[in-house]
Protein chains: 2
Amino acid sequence: MQSLAWNGQCLQLLDQTALPVKTEYFACHDYRRVAEAIRRLEVRGAPAIGAAAAFGIVLGARELAENHSDFWPGLLAVADELRQTRPTAVNLFWAIDRMMAVASRYSPLFSPEETLLALEAEAVAVAAEDEQSNRLMAGHGAKLFTEKTAVLTHCNAGALATVAFGTALGIIRQAWAEGKISRVFADETRPLLQGARLTAWELMQEGIPVTLITDNMAGWVMKRQMVQAVIVGADRITLNGDVANKIGTYSVAVLAKEHGIPFYVAAPLSTFDFSIKSGEDIPIEERGDQEVTCLGGVRIAPEGVDVFNPAFDVTPHALITAIVTEAGVLLPPFDEKIAKIRLEKGGK
Amino acid sequence: MQSLAWNGQCLQLLDQTALPVKTEYFACHDYRRVAEAIRRLEVRGAPAIGAAAAFGIVLGARELAENHSDFWPGLLAVADELRQTRPTAVNLFWAIDRMMAVASRYSPLFSPEETLLALEAEAVAVAAEDEQSNRLMAGHGAKLFTEKTAVLTHCNAGALATVAFGTALGIIRQAWAEGKISRVFADETRPLLQGARLTAWELMQEGIPVTLITDNMAGWVMKRQMVQAVIVGADRITLNGDVANKIGTYSVAVLAKEHGIPFYVAAPLSTFDFSIKSGEDIPIEERGDQEVTCLGGVRIAPEGVDVFNPAFDVTPHALITAIVTEAGVLLPPFDEKIAKIRLEKGGK
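Computed from a predicted model, the values in this text were never measured in an experiment. (Residues numbered from 1 in each chain as written. Chains lettered and ligands numbered in written order. Predicted model: local features only at pLDDT ≥ 70, side-chain atom pairs only at ≥ 80, totals over all residues. Heavy atoms only, no water.)

Caption draft 1: Broad picture of the overall build of chain A. A tally of helices and strands in chain A yields 11 helices and 16 strands. In terms of C-alpha radius of gyration, chain A reaches 20 Å, essentially the compact-globule figure of 20 Å for 348 residues. Its C-alpha atoms put chain A at 65 × 50 × 35 Å along the principal axes. Residues counted as buried form 63% of the 348 residues belonging to chain A. Sequence separation of at least 24 residues holds for 74% of the intrachain contacts in chain A that already meet a minimum separation of 6. Of the roughly 12300 Å² that chain A leaves accessible, carbon and sulfur atoms contribute 51%. In chain A, 32 side chains carry a positive charge and 42 a negative one; their mean positions are 5 Å apart. (Helix = DSSP H or I, 4+ residues; strand = E, 2+ residues; numbered from the N terminus. Rg over C-alpha atoms; globule rule 2.2 N^0.38 Å. Buried < 20%, exposed > 50% of the residue type's maximum accessible area, 1.4 Å probe, protein only. Contact = heavy atoms within 4.5 Å. Areas by Shrake-Rupley, 256 points an atom, 1.4 Å probe, with all protein chains shown as cover. Lys, Arg positive; Asp, Glu negative; His and termini not counted. Charge placed at Lys NZ, Arg CZ, Asp CG, Glu CD.)

The structure is reproduced here in structure tokens:
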């Protein structure tokens, strides 16, 4: 399953707001449409929006080249528009930075057309490396499971959240293939129900046993010893190992601690923000009231009610058992391991 | 606001499944319709279903008297049908037992018509005492708040869950009147959204500031120190102080403990089950999949997905700061206080 695909002309995106009722791809020929898709969550999941933004830069560069516009200032504006789409997932900024680094190397020396080719190659590499890092992560992560385990996951950190394989669900997929997963409990993940709509659907497609629960059942499922591990994805990880992820992740982490259940986070290194010390500095996106008060056009709360709708929360590193990356499994203390990775990546 | 009213001829029930879109009462002239209303959650909330069942016994007794049916065996069958409607809230069984005790005293000595009059008086007393106990509870509970407090509540323990005033929301209402409540955070309470549909609506009707959140935001709201107390209702309280309440209550209690926030339970003595030692013996109702997979007719999960849908969970007494009853505020150790109440109530 692919959340996105580049065909040399346009970016094909799977419309995740229509799942599981419809499985429809739509074509983005314009970077503005990519920005809109990220804002509207037609494409979502930190790694997937990073890759989508990379192709957005390509589409923007092509438009500038075709129109003989002033290339570098134009591309800065494209990058800026893409950066404004969502604030929390750092993969978005990471991918845009990576694309702009290529553009800044090529554009002073080469024509816009030649720079465009280099940008296209870089975006294709971003997408290919994401899938590759997911597969490496799956190999490392599956080793965490030594016996048949029922796992709980929150939101969707599957193929749909990445380019093609998945972080948390990639590990579950691999562990399932190795006979180590008995069942997955999927939190439905209000308000936008990524667990019900996407995770349950992805797992059912692969024949992995999945039980859907509402978010408020997770504690009771743990209390009744129906799960033995939790694994989730991440939208941003700071130098000390704090993790921003979909709202509700923090509650699940506290509940896992209370029940002595390991709490694993799976994320590629592109999710690490080496510029931020702790989770307190992560900007948390707040989204519109109607995500909470309406569902599929049906009003489920009184008109005019006040709503608090943060899209993410931060799980402090102390609640995390291990962070699985393509470079291996990080165990606490995370700050030392993350500092080492930062150094290896050139101090950036 | 009244969840139910008896007019001498029939029981008027507010259809809580239609709230907040419509405020409609419907008439039950038949005990079978009362049973159906309890099963369908048209009337819900432990004290409210207890009172509704009491009037159901009256309606059943009237039918038997009018038809000159064999009164006592007929009434046993009526009681049995009402008992089968829902398994967890003990107020249902408490109210039916209380009604049947009256019937068993009167029916051997008096005519069915005379017994019917005694039953009607008893049901009216059940309802009146419920409202009275709520008001006493509100007075005791409001004393728990010494300064301006933002409180979080789960599900609906308001006027709609009782006959007319509310347990947890009754206390909030009283504390608000005393200037001690700054805001209420209402968990939406999936799957049936009693928090969004009923609690938010009730509080808005009274002008008490309320913020609606999804259930998975409760932990983050606590972490961000946006609330200083939690107060919920109960469906059954055992001898050791364990509390069955709406699914998700247990998670909120664990989160409150993690954040050092007091966790209060409000319930009349009719919610205490003096026959059960601990929460492990409370039967937990599991309801249909479609409550989780559909919302207002809109499908929100893949066809055929497996679902776990317990309607309640059990919060162990160790997580509870205080239990507020009409007899006063109980502090730990609860088992001693509850044993004393049981003795005062004649050892039943």
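What follows continues from the structure just given.
Caption draft 2: Looking closely at the interface of chain B and chain A. Taken residue by residue, the interface counts 58 residues in chain B and 58 residues in chain A. For the pair chain B and chain A, the two sides together bury roughly 4500 Å², of which 69% comes from carbon and sulfur. Of all residues in chain B, Asn-216, Trp-220 and Phe-308 of chain B bury the most surface against chain A, accounting for 17% of the area lost on that side. Counting every contact that joins chain B to chain A gives 6 salt bridges. Residues Arg-190 of chain B and Glu-188 of chain A are paired through a salt bridge, measuring 2.6 Å at the closest nitrogen-oxygen approach. (Buried area = accessible area lost by both parts, 1.4 Å probe. Salt bridge = Lys/Arg side-chain N within 4 Å of Asp/Glu carboxyl O.)

Caption draft 3: Spotlight on the packing of helix α1 (residues 31–39) of chain A against helix α2 (residues 46–66) of chain A. Residue and element names in this part refer to chain A. Between α1 and α2, the shortest axis-to-axis distance is 8 Å and the interhelical angle comes to 160°. What the angle tells us is that α1 and α2 run roughly antiparallel. Judged by the sense of rotation from one axis to the other, the crossing of α1 with α2 is left-handed. Across from Tyr-31, Arg-32, Val-34 and Ile-38 in α1, the residues of α2 making contact are Ile-49, Ala-52, Ala-53, Gly-56, Leu-59, Gly-60 and Glu-63. In terms of residue class, the contact of α1 with α2 is built from 7 nonpolar, 2 polar and 2 charged. (Axes fitted to C-alpha atoms, helices over the stretch in contact; angles between N-to-C directions. Parallel < 35°, antiparallel > 145°, perpendicular 65-115°, else oblique. Left-handed = near helix turned anticlockwise from the far one by under 90°. Nonpolar A, V, L, I, M, F, W, Y, C, P; charged D, E, K, R; others polar.)

Caption draft 4: A look at the domain arrangement of chain A. Residues and elements named next belong to chain A. Along its sequence, chain A is carved into domain 1 (4–135) and domain 2 (139–344). Computed from C-alpha atoms alone, the centre-to-centre distance between domain 1 and domain 2 is 25 Å. At the interface, 29 residues of domain 1 touch 34 residues of domain 2. Between domain 1 and domain 2 the total buried area reaches about 2600 Å² when both faces are included, carbon and sulfur atoms providing 55% of it. For the domain 1 face of the interface with domain 2, the top three residues by lost area are Arg-44, Thr-88 and Asn-134, together amounting to 24%. At the junction of domain 1 with domain 2, the criterion picks out 1 salt bridge. Where domain 1 meets domain 2, there are 18 residue pairs in polar contact (both at pLDDT 80 or more). The set of elements that each furnish at least two residues to the side of domain 1 that touches domain 2 consists of α2, α4 (90–106) and α5 (112–142). With 6 residues, α5 is the largest single contributor of residues to the side of domain 1 that touches domain 2. Here the side of domain 1 that touches domain 2 is composed, by residue class, of 15 nonpolar, 8 polar and 6 charged. (Domains from an automatic or database assignment. Polar contact = N/O pair within 3.5 Å; in protein donor to acceptor, adjacent residues only side chain to side chain.)

Caption draft 5: Representation of the relation of the copies chain B and chain A. Its rotation angle being 180°, the transformation that places chain B on chain A also includes 0.0 Å of axial translation and leaves an RMSD of 0.0 Å. The symmetry that links the two subunits is that of a two-fold axis. When the interface residues of chain B are mapped onto chain A, 100% of them again fall at the interface, so both copies present the same face. (Least-squares fit on C-alpha atoms with pLDDT ≥ 70 in both.)

Caption draft 6: Main features of helix α9 (residues 249–258) of chain B. Residue and element names in this part refer to chain B. Most of α9 sits inside the fold, with 8 of its 10 residues counted as buried. When α9 is considered as a whole, its buried residues turn out to be Thr-249, Tyr-250, Ser-251, Val-252, Ala-253, Val-254, Leu-255 and Ala-256. Among the residues trailing α9, Gly-260 stands out with phi positive, at a value near 65°.

Caption draft 7: Seen up close, the sheet that holds strand β7 (residues 229–232) of chain B. Spatially, 8 strands are ordered β13(A)-β6(B)-β5(B)-β4(B)-β7(B)-β10(B)-β15(B)-β16(B) in an open sheet, and the strand pairing comes out mixed. The sheet is open, and its two borders are formed by β13 (306–307) of chain A together with β16 (328–330) of chain B, each paired with just one other strand. Note: strand β4 (residues 149–153) of chain B against strand β5 (residues 181–187) of chain B, 5 bridges, orientation parallel. Its bridge partner lying in β5 of chain B, Val-151 of chain B is registered against Val-184 of chain B. Contacts from helix α5 (residues 112–142) of chain B reach β10 (263–266), β15 (322–325) and β16 of chain B, with the element oriented near 145° to β15 of chain B. (Pairing = 2+ DSSP bridges.)

Caption draft 8: Representation of the packing of helix α2 (residues 46–66) of chain B against helix α4 (residues 90–106) of chain B in the model. Residues and elements named next belong to chain B. Put simply, α2 and α4 touch, their axes get as near as 7 Å, and they point 30° apart. One finds that α2 runs roughly parallel with respect to α4. Our pair here, α2 against α4, has a crossing hand that is right-handed. Of the residues in α4, those in contact with Ala-46, Pro-47, Ile-49, Gly-50, Ala-53, Ala-54, Ile-57 and Val-58 of α2 are Asn-91, Leu-92, Ala-95, Ile-96, Met-99 and Met-100. Class assignment for the residues of the contact of α2 with α4 results in 12 nonpolar, 2 polar and no charged.

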